[in-house]
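One-letter residues, chain by chain:
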Amino acid sequence: MVVGAFPMAKLLYLGIRQVSKPLANRIKEAARRSEFFKTYICLPPAQLYHWVEMRTKMRIMGFRGTAIKPLNEEAAAELGAELLGEATIFIVGGGCLVLEYWRHQSQQRHKEEEQRAAWDALRDEVGHLALALEALQAQVQAVPPQSALEELRAQVQEVRAQLCAAGERPPASHAASSAQN
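Residues numbered from 1 in each chain as written. Predicted model: local features only at pLDDT ≥ 70, side-chain atom pairs only at ≥ 80, totals over all residues. Heavy atoms only, no water.

(A) Quick peek at the overall build of the protein chain. Counting its secondary structure elements, the protein chain contains 5 helices and 0 strands. When the helices and strands of the protein chain are read in sequence order from the N terminus, they spell out α-α-α-α-α. Going through the 181 residues of the protein chain one by one, you find that 9% of them count as buried. Long-range contacts, defined as pairs at least 24 residues apart, comprise 65% of the intrachain contacts of the protein chain with a sequence gap of at least 6. Summed over all atoms, the accessible surface of the protein chain reaches about 14800 Å², with 64% contributed by carbon and sulfur. (Helix = DSSP H or I, 4+ residues; strand = E, 2+ residues; numbered from the N terminus. Buried < 20%, exposed > 50% of the residue type's maximum accessible area, 1.4 Å probe, protein only. Contact = heavy atoms within 4.5 Å. Areas by Shrake-Rupley, 256 points an atom, 1.4 Å probe, with all protein chains shown as cover.)

(B) Region of interest: empty space enclosed by the protein. One pass over the structure, following the stated rule, counts 1 cavity of 30 Å³ or more. One number sums up the size of the largest cavity: a volume of about 40 Å³. Forming the boundary of the largest cavity are R55, M58, R59, F63, G65, T66 and I68. Of the residues contributing to the lining of the largest cavity, the split by class is 3 nonpolar, 2 polar and 2 charged. (1 Å grid on protein atoms, 1.4 Å probe; cavity = no way out; pocket = protein on both sides within 12 Å on 5 of 7 lines; lining within 4 Å. Points joined across faces, edges and corners; volume = space filled by probe spheres on them. Nonpolar A, V, L, I, M, F, W, Y, C, P; charged D, E, K, R; others polar.)

(C) Focus on helix 2 (residues 35-61). Helix length check: helix 2, at 27 residues, gives a terminal C-alpha distance of 36 Å against a target of 39 Å (1.5 Å per residue), a fit within 8%. A maximum bend of about 40° is found in helix 2 at C42, where proline P44 lies one to four positions downstream. Every buried residue of helix 2 is listed here: K38, C42, L43, A46 and H50. (Expected span 1.5 Å × (residues − 1). Bend = angle between axes of the 7 residues up to and from the residue.)

(D) View of the pattern of salt bridges. Enumeration over the complete set of coordinates arrives at 5 salt bridges. A salt bridge links R123 to D120, with the nearest nitrogen and oxygen atoms 3.9 Å apart. Here the residue R123 and the residue D120 both occupy positions in helix 3 (residues 73-142), the gap between them amounting to 3 residues, near one helical turn. A salt bridge links E150 to R153; its shortest N-O distance comes to 3.4 Å. With a gap of 3 residues between them, E150 and R153 both fall in helix 4 (residues 146-165), about one helical turn apart. (Salt bridge = Lys/Arg side-chain N within 4 Å of Asp/Glu carboxyl O.)

(E) Helix 3, seen in detail. Spanning 70 residues, helix 3 covers 102 Å between terminal C-alpha atoms, matching the ideal 104 Å at 1.5 Å per step. Taken residue by residue, helix 3 has A76, A77, G80, A81, G85, T88 and G93 as its buried positions.

(F) Just a nonpolar patch on the surface, in detail. A grouping of V98, L99, Y101 and W102 is seen on the molecular surface, where their side chains present a nonpolar patch of about 460 Å² in accessible area. Taking relative accessible area as the criterion, L99 reaches 54% and is therefore assigned exposed. (Patch = residues over 30% accessible without salt bridge, like charges linked within 9 Å, V, L, I, M, F, W, Y side chains within 5 Å.)

(G) Main features of the packing of aromatic side chains. Counted by the stated rule, this structure contains 1 aromatic pair. Ring centres of F36 and Y40 lie 5.3 Å apart, and the angle between their planes is 45°; this geometry places the pair in the tilted category. Residue F36 and its partner Y40 are both found in helix 2; the two are separated by 4 residues, about one turn of the helix. Looking at Y40, the relative accessible area reads 58%, which means it is exposed. (Phe/Tyr/Trp six-rings, centres within 6.5 Å; stacked < 30°, edge-to-face > 60°.)

Function-wise, these values are silent; they only describe arrangement.
This is the structure:
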């Protein structure tokens, strides 16, 4: 049932999120210390984010066409490190969702294959039972009808009567069986 699986999925998600936060913090610290990270990885996204944010705020307030000053290097490096950390957490969470989706799809495919195999097995068994039924019907049709058996019994009794009339006595086993009939 899904209810039993839900707490495990939630715990797994929280565990991965807790693991990704220290990873994001390490990346932030490395971004603050390294000039290459600052210059090429943190500053451009931070400046772009600042520009889009300020432009949106200015348009909301009614100012159009005003020039937006870029952030200073210290603030841009800090904002870029924060963006990088949040992106790391987002990517790890998204990766977990994709992996869970793939796992669910493979389970669903496996379940459908099992159902298809069971369906095929039932179809084969029905086919075998239909063949057996046809064979039994053929055997039943091959057996002489009841009226033919009655005719044979009547003929046997006539032969016995003729034998008795001729003076021969039927054996005891035949007499007992004819008495039963």
